[in-house]
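# Residue-level structure breakdown
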Amino acid sequence: MLSPLSHPGSDQSPQKLKIACIQFEPNFGEVEHNVTRSIDLIEQAAGYGARLIVLPELCSTGYIFQSREETLALSERVPEGPTTNAWVEAARRLQVTIVAGLVERGGNCLYNSAVIIDPSGVLGVYRKLHLWADEKLYFEPGDRGLPVFDTLVGRISVVICYDGWFPEMFRLSACQGAEIVCVPTNWVPMPEQPAGHPIMANILHMAAAHSNSIVIACTDRVGIERGQRFLGDSVIINRSGWPVAGPCSESEEKILIGEVDMDPRCEPSWNSVNHPLTDRRTDVYGENLGADIQINLAKLEAEQ
């Protein structure tokens, strides 16, 4: 059993939400083992009071694929695939909301995806929009825009790993009413990272939370897979842009527990007159950054 790493001082207010980021090491290609392991950790997180649980990118399969054929062999359809079904059963039994990464097969296409699940079942899927490095050899870029999902714990959007390097993702999420952005990720070392400083991913996501007044929950994996090291550093960030839990160490599996205030009356404002969303100059740049077509597509799909 993993001990929780959490921020002290919870008052258990009804407006508080406990989020768990489950940082663990999948075994490449061992889907049954990885899913069983993830459910054990989900059960532990629920036992610590978490109502929203975020797992890493591609956590059912591992990440370092070496061929399109290998990727296809480990892919599943959503919602009927066995991995999704196992997570649905866990969400229903434990009364939690789960966001978790897997290889999705859609027609003849493969996607680096995350499923969004609550006790009612699969709410939807997010397909990674920005593909990193060799991902471009094995996956198609996401084709469903940036949807926002209504869940029991709030309005959630999802970005996956490299998506987080694009500030448009967080601004569009906020413009569409997202309260929480879940980030399943497999962060790797970036060039020229100086020792003793926060990793670039943590800096970017703290800035995004601050600039958009949204909660961001990032779950990375740990370990070394086929020679690739992963950073860990999972973190839960409040609407002011400050971590409420984490970052974690890259050397250990950990259930990171953080508590955030979801009361809209407590939304941060920088002073009596300024707010990062209401101060936008939409007379100079489009309110939705020119993404109205994708937003309308996402709304239509959500209604179907």
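Here's a quick rundown of the structure. Since we're looking at a predicted model, the values are computed, not measured.

In this section: the side chain of Asn 112. Note on placement: Asn 112 falls in strand 5 (residues 109-118). If near-sequence neighbours (up to four positions away) are discounted, Asn 112 is found in contact with Glu 57, Leu 58, Leu 102, Tyr 126, Arg 127, Lys 128, Glu 135, Phe 139 and Ile 160.

Turning our attention to the side chain of Gln 44. Tracing the backbone through its elements, the reader meets Gln 44 in helix 1 (residues 31-47). Contact partners of Gln 44, with chain neighbours within four places excluded, come to Met 1, Leu 2 and Ile 255.

What follows is about the sheet that holds strand 10 (residues 215-219). Spatially, 7-8-9-10-13-14 is the arrangement adopted by the six strands of the open sheet, whose pairing is mixed. Unpaired on one side and paired on the other, strand 7 (149-151) and strand 14 (243-245) mark the two borders of the sheet. The average angle at which neighbouring strand axes cross in this sheet is 30°, direction not considered. Both strand 9 (residues 180-184) and strand 10 contribute to a ladder of five bridges, which runs parallel. Opposite Val 183, over in strand 10, you have Cys 218 as the bridge partner.

Quick look at the environment of Ala 208 now. The residue Ala 208 is located in helix 6 (residues 200-212) in this model. Sequence separation between Ala 208 and Trp 165 is 43 residues, and the spatial gap between their C-alpha atoms is 9.7 Å. Setting aside residues no more than four positions away along its own chain, Ala 208 makes contact with Phe 170, Ile 214 and Ile 216.

Time to look at the environment of Arg 77. Within the fold, Arg 77 resides in the loop between helix 2 (68-73) and helix 3 (82-94). Arg 77 sits in the partly exposed class, given a relative accessible area of 32%. Separated by 179 residues in the primary sequence, Arg 77 and Leu 256 place their C-alpha atoms 29 Å from one another. In contact with Arg 77, not counting residues within four places along its chain, are Thr 84, Arg 105, Gly 106 and Gly 107.

The rules we used
- Residues numbered from 1 in each chain as written.
- Predicted model: local features only at pLDDT ≥ 70, side-chain atom pairs only at ≥ 80, totals over all residues.
- Heavy atoms only, no water.
- Helix = DSSP H or I, 4+ residues; strand = E, 2+ residues; numbered from the N terminus.
- Contact = heavy atoms within 4.5 Å.
- Pairing = 2+ DSSP bridges.
- Axes fitted to C-alpha atoms, helices over the stretch in contact; angles between N-to-C directions.
- Buried < 20%, exposed > 50% of the residue type's maximum accessible area, 1.4 Å probe, protein only.

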